[in-house]
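Spelled out from the first residue to the last, the chains are:
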Amino acid sequence: MRDAPASLRHNRDFAILWSGDAVSGVGSSMSSLVFPLIGYAITHSVVQAGLATAAVLLGNVVCRLPAGALVDRWPRGRVMVLANVLAAACFGSLAVTALTGTLVLAQLIAVGFLSGVADAFLAPASSAAVRTVVPMEQLPVAYARLQIHRHTADLVGPPLGGALFSAARGLPFLADAVSYGLCAIAVTFVRTPLPAPTPAAERTSVVEDVVEGLRFVWRESVIRAVMLWGAAFNFAVTVAFVTITLRLVRAGVHPAAIGLVDTIAAAAALLGSFVAPVIIRRVRTGLVTFATGLVLALVIVPVAWTTNVAVIGALLAVGFFLLPANNSGISAYMVSVTPDRLQARVNAAGGFIVGAVLPAAPALAGFLVGSVGGAASTLIGAALVAASLAPLLSSSAVRRLGRPGQWAST
C-alpha cells in the first residue's frame, strides 16, 4: 500500500481522466452556484429559483437507471465523449441567451434537466473507467486523488463563478461549456481500451439489466445501508445548503461573498482530501461514514443564527473535513466488490437510490425559506441530516465494516 501513490502518479491514463474531470469540475461548481442566483434574478422568487436547481437533479434521477444499463452495453469511452459534448452544447446555449439578455426560466430549467441527463451517463461511465485503468489495490488512493481535484474545483469554482456572474450573467455558463468540451477531448487520449463489458450475444433486455443492478445493490447489506443513508443525507444536506444560499441572497449578500462560503468549506474538504488515504487506512470505513453525517448535522445548527459569511464558512469547514475520506472509502469499496460487467449498473442503481428524492430538496428549501423563514429552515435541515443516520445505526454490517484490507471478509 505504501508504494501505491508513486505508482499511481505514473499511471498516464488515470492522470488524463483525473485532469479532464478536474477541469470539468471547476465549470460544474460554477454553474451549481449560479443556477439559483440567475433563477432568482429572472423571477425574483426563491421558490422558482429552487426549481431551476431541482431540474438538474430530476434529469439525473430520471435517466440514471437506464443510463447505467446502456453504459454496460456501449463503449464507455465513447459514452464519456458524447455526454460531455451534450453538456457543452447545453451550457453553450445558456451562455448565449444569458449574455444577450434573452434567457427565460423555461430554458434554464430545460438546460438543467439535460445537464442532469448527461451526468447520468457520465457518472457510471467515469467510475467504470477508473476501475479499468487503476489496479484494484490502488483504488482507495485513486478515489482519494479524485476527491482532491473535486474539492479543488469546489474551492476555485464558486468565487470564480460569483465574480464572472457579477461581470456578466452568462460567463459562468460559457466557462462550463468550455470545461465540458476540454473533458471530452481529454478522454480521446486514454490509451487503455474502454469497451462495452458485456458482449452483444450475452445481453438481455435493458429492463432486466436495470433489475440486476438494483438486485445487486439490495443484496449487498453494506451497500444497501449506505445508499439508503446517502439518499436521506444528500436530501437533507441539499435542503440545508440551498436554504443557506437563499438566506444570503435575501439578505443582500454579494454573489462573490456567497461563493466565499463554498470556498472556505471547500478548502477544508481539500485539506481532508490529502489526509483521506491515511484515514481510510487507519480508521474503520463504517465509523468514518457515521462520523461524517453526525459532525455535519451538528455544525449546521449554529448557522441558523447568522448570515456572516466567514462564520458560516468556518462552521461548514468543520463538517466538510471528513467528506473526502468517506466518499473515497465508500466508492472504493463499491467498485472493489462489484463485478466489472455490473460496474455501470451498480453505480447507476446506487446513484438512483441516493438521488431519488433529491430533486424535491431545492424546491422544499425555497418553500421553507418563503414560509417559515431562513433560521427555522436551517434548523429543519440540520434535523434532517441527523435523522439520515438511522440506516447506518440499524446496520450491523456497516458497524463491522473495517479498513480496506478487511473488506473481503465483510
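Since this is a predicted model, take the numbers as computed values, not measurements. (Residues numbered from 1 in each chain as written. Predicted model: local features only at pLDDT ≥ 70, side-chain atom pairs only at ≥ 80, totals over all residues. Heavy atoms only, no water.)

Check the secondary structure of the protein and you find 18 helices and zero strands. Relative to the compact-globule value of 22 Å for 410 residues, the protein shows a C-alpha radius of gyration of 20 Å, a close match. In terms of its C-alpha atoms, the protein occupies a principal-axis envelope of roughly 55 × 45 × 40 Å. Within the span of the protein, comprising 410 residues, buried residues form 56% of the whole. (Helix = DSSP H or I, 4+ residues; strand = E, 2+ residues; numbered from the N terminus. Rg over C-alpha atoms; globule rule 2.2 N^0.38 Å. Buried < 20%, exposed > 50% of the residue type's maximum accessible area, 1.4 Å probe, protein only.)

Attention now goes to the pattern of salt bridges. With the rule as written, the count across this model stands at nine salt bridges. The salt bridge involving Asp340 is made with Arg131; its shortest N-O contact spans 3.7 Å. With Asp340 in the loop between helix 13 (323-337) and helix 14 (343-355) and Arg131 in helix 5 (residues 105-133), this residue pair connects regions lying 209 residues apart in the sequence. We classify Asp340 as partly exposed; its relative accessible area is 30%. Arg345 is paired through a salt bridge with Asp209; the nearest N and O atoms lie 3.4 Å apart. In this pair, Arg345 sits in helix 14 while Asp209 sits in helix 8 (residues 206-219), placing the two residues 136 residues apart along the sequence. Judged by relative accessible area, Arg345 falls into the buried class, the value being 5%. (Salt bridge = Lys/Arg side-chain N within 4 Å of Asp/Glu carboxyl O.)

This model, assessed by the stated rule, comprises seven aromatic pairs. Centre to centre, the rings of Trp74 and Phe121 are 6.3 Å apart; their planes meet at 5 degrees, and the pair counts as stacked. Of the two residues, Trp74 is situated in the loop between helix 3 (46-71) and helix 4 (76-99) and Phe121 in helix 5; the sequence distance between them amounts to 47 residues. Overall, Trp74 belongs to the partly exposed group, its relative accessible area being 40%. Connected via pairs of aromatic rings, a cluster forms that spans Phe35, Phe91, Phe173 and Tyr180. In this arrangement the basic side chain of Arg224 is found over the ring face of Trp218, its NZ or CZ atom lying 5.6 Å from the centre. (Phe/Tyr/Trp six-rings, centres within 6.5 Å; stacked < 30°, edge-to-face > 60°. Lys NZ or Arg CZ within 6 Å of the ring centre and 35° of its normal.)

This part is about the confidence of the model for the protein. Mean pLDDT over the protein: 85, with 96% of residues reaching 70 or higher. Throughout residues 1-6 the model reports pLDDT below 50, and contacts reaching past four residues in sequence, or to other chains, amount to eight contacts. (pLDDT = per-residue confidence, 0-100. Contact = heavy atoms within 4.5 Å.)

Within the secondary structure layout, Gly351 lies in helix 14. By relative accessible area, Gly351 is classed as buried at 14%.

A grouping of Val23, Leu99, Leu174, Val178, Leu182, Ile185 and Phe189 is seen on the molecular surface, where their side chains present a nonpolar patch of about 610 Å² in accessible area. With four residues, the top contributor of residues to the nonpolar patch is helix 7 (residues 171-187). (Patch = residues over 30% accessible without salt bridge, like charges linked within 9 Å, V, L, I, M, F, W, Y side chains within 5 Å. Areas by Shrake-Rupley, 256 points an atom, 1.4 Å probe, with all protein chains shown as cover.)

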